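# Residue-level structural notes
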Amino acid sequence: MSRRAASWHVATVVETRPETSTARRITLEAPTWPGNDAGSHVDVRLTAADGYQASRSYSLASSGEGTRLTLAVDEVPDGEVSPFLVRELREGDRIEVHGPLGAYFVWTPSGDPAPVHLIAGGSGVVPLYAMASAHAESDDPAPFRLLYSVRSPDDMFFRAEMEALAESDDRFDLQVVYTRRAPAGSTTPPGRLTAERLRTAVPSATASPRLFVCGPTPFVEAVAGWLVEEGHAPGRVRTERFGGS
């Protein structure tokens, strides 16, 4: 997709539904939306009755040329924007979005056969899910792997979609690290992602994989550091961090 200039758009909420116990999936219709690459994000701006405005950045779980956008927002209890989006937003409501943003942290079909490895922590999986979905819809030959660190099966974003993708597309592999509670029957006890587990999951530096890492700042910094220590070129490791919202 060609580069699209970012601008403000008025978007109407067409659907909301729970994603996890603390997160909500939100589908928007923005007639002036120009389309976006997989991995892009938007700024969401809310305006109160008294004119006060607050805006925060959220990754898009959708990509392509259409005018529909999908967000998956995890509530930050002390946040200024996410509690409203998760608890209060209703179908028919209108919000403002600015984008598409983030030309650096995107994936587009390129024909490069080098493997692509996506590494997510928590809700950081949202833009990586968009990349995996876009890849599945393309004829790009690169094998895709997603390593997803999450507290429990109930905390997974896009769980059904990703499991279906792993089942139907032999170019896509999904590995999940459960940090607090593993599913019944799991042979691996829960625990945090470690440098050793990352080493066994990610292709070696000699394969020159493209690496995308997204999640909370401490997670991203740790993972990126481990990858560089393993010999991966810093220029092949693209990162996106997030904090409170």
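Structural notes, computed from the coordinates. (Residues numbered from 1 in each chain as written. Predicted model: local features only at pLDDT ≥ 70, side-chain atom pairs only at ≥ 80, totals over all residues. Heavy atoms only, no water.)

Turning next to the overall build of the chain. Within the chain one finds five helices and 11 strands. Taken over the C-alpha trace, the chain has a radius of gyration of 18 Å; the compact-globule value for 245 residues is 18 Å, and the two agree within 12%. Dimensions of the chain along its principal axes, counting C-alpha atoms only, are 55 × 40 × 30 Å. A burial count over the chain gives 48% of its 245 residues as buried. Counting contacts in the chain only where the partners sit at least 6 residues apart, residues at least 24 apart contribute 73% of the total. For the chain, the accessible surface area stands at approximately 11500 Å², while carbon and sulfur atoms represent 48% of it. For the chain, the separation between the mean place of its 24 positive charges and that of its 32 negative charges on side chains is 2 Å. (Helix = DSSP H or I, 4+ residues; strand = E, 2+ residues; numbered from the N terminus. Rg over C-alpha atoms; globule rule 2.2 N^0.38 Å. Buried < 20%, exposed > 50% of the residue type's maximum accessible area, 1.4 Å probe, protein only. Contact = heavy atoms within 4.5 Å. Areas by Shrake-Rupley, 256 points an atom, 1.4 Å probe, with all protein chains shown as cover. Lys, Arg positive; Asp, Glu negative; His and termini not counted. Charge placed at Lys NZ, Arg CZ, Asp CG, Glu CD.)

Evaluation of the coordinates by the stated rule reveals three aromatic pairs. Considering the side-chain rings of Trp107 and Phe144, the 5.2 Å spacing of their centres and the 80 degrees angle between planes classify their relative orientation as edge-to-face. A residue pair is termed long-range when its members are at least 10 positions apart, and Trp107 in the loop between β6 (94–101) and β7 (116–121) and Phe144 in strand β8 (residues 144–150) qualify at 37 residues. A single burial state applies to Trp107 and to Phe144, both of which are buried. Residues Tyr129 and Phe158 carry aromatic rings whose centres are separated by 4.1 Å and whose planes lie at 5 degrees to one another, so their mutual orientation is stacked. Of this pair, Tyr129 sits in helix α2 (residues 125–136) while Phe158 sits in the loop between β8 and α3 (159–168); the two residues are 29 residues apart in sequence, bridging distant segments of the chain. (Phe/Tyr/Trp six-rings, centres within 6.5 Å; stacked < 30°, edge-to-face > 60°.)

On to the pattern of salt bridges. Inspection of every chain in the model, using the stated rule, returns 15 salt bridges. Two residues, Arg4 and Glu65, come together in a salt bridge whose shortest N-O distance is 3.1 Å. One end of the pair, Arg4, is in the segment before β1 (7–20); the other, Glu65, is in the loop between β4 (53–59) and β5 (68–74), with 61 residues separating them in the sequence. Judged by relative accessible area, Arg4 falls into the partly exposed class, the value being 27%. In this structure, Arg159 engages Glu163 in a salt bridge whose closest nitrogen and oxygen atoms are separated by 3.3 Å. (Salt bridge = Lys/Arg side-chain N within 4 Å of Asp/Glu carboxyl O.)

Moving on, we come to the sheet that holds β7. Taken in spatial order, the five strands of this open sheet run β9-β8-β7-β10-β11, and their pairing is parallel. The sheet is open, and its two edges are formed by β9 (172–178) and β11 (237–242), each paired on a single side. Each adjacent strand pair in this sheet contributes to an overall mean axis angle of 10 degrees, direction not counted. In this sheet, β8 lies alongside β7 in parallel orientation, the contact comprising six bridges. Residue Leu118 lies in a different strand from β8, and its bridge partner there is Leu146. Together, β8 and β9 form the strand contacts of α3, whose direction differs from that of β9 by roughly 135 degrees. (Pairing = 2+ DSSP bridges. Axes fitted to C-alpha atoms, helices over the stretch in contact; angles between N-to-C directions.)

As a further point, take the sheet that holds strand β3 (residues 41–47). If you trace the six strands from one edge of the open sheet to the other, you get β4-β3-β6-β1-β2-β5, paired in antiparallel fashion. With partners counted over all chains shown, the strands left at the sheet margins are β4 and β5, one partner each. Put simply, the sheet's adjacent strands are angled 35 degrees from each other on average, direction ignored. One ladder, built from seven bridges, connects β1 with strand β2 (residues 23–29); its direction is antiparallel. Bridge pairing links Thr20 to Ala23 in β2.

This paragraph deals with the pairing of β5. Counting buried positions over the seven residues of β5 gives five, a clear majority of the element. Relative to β5, β2 runs antiparallel, the two being bridged by seven bridges. Looking at the pairing, Glu29 lines up with Arg68 of β5.

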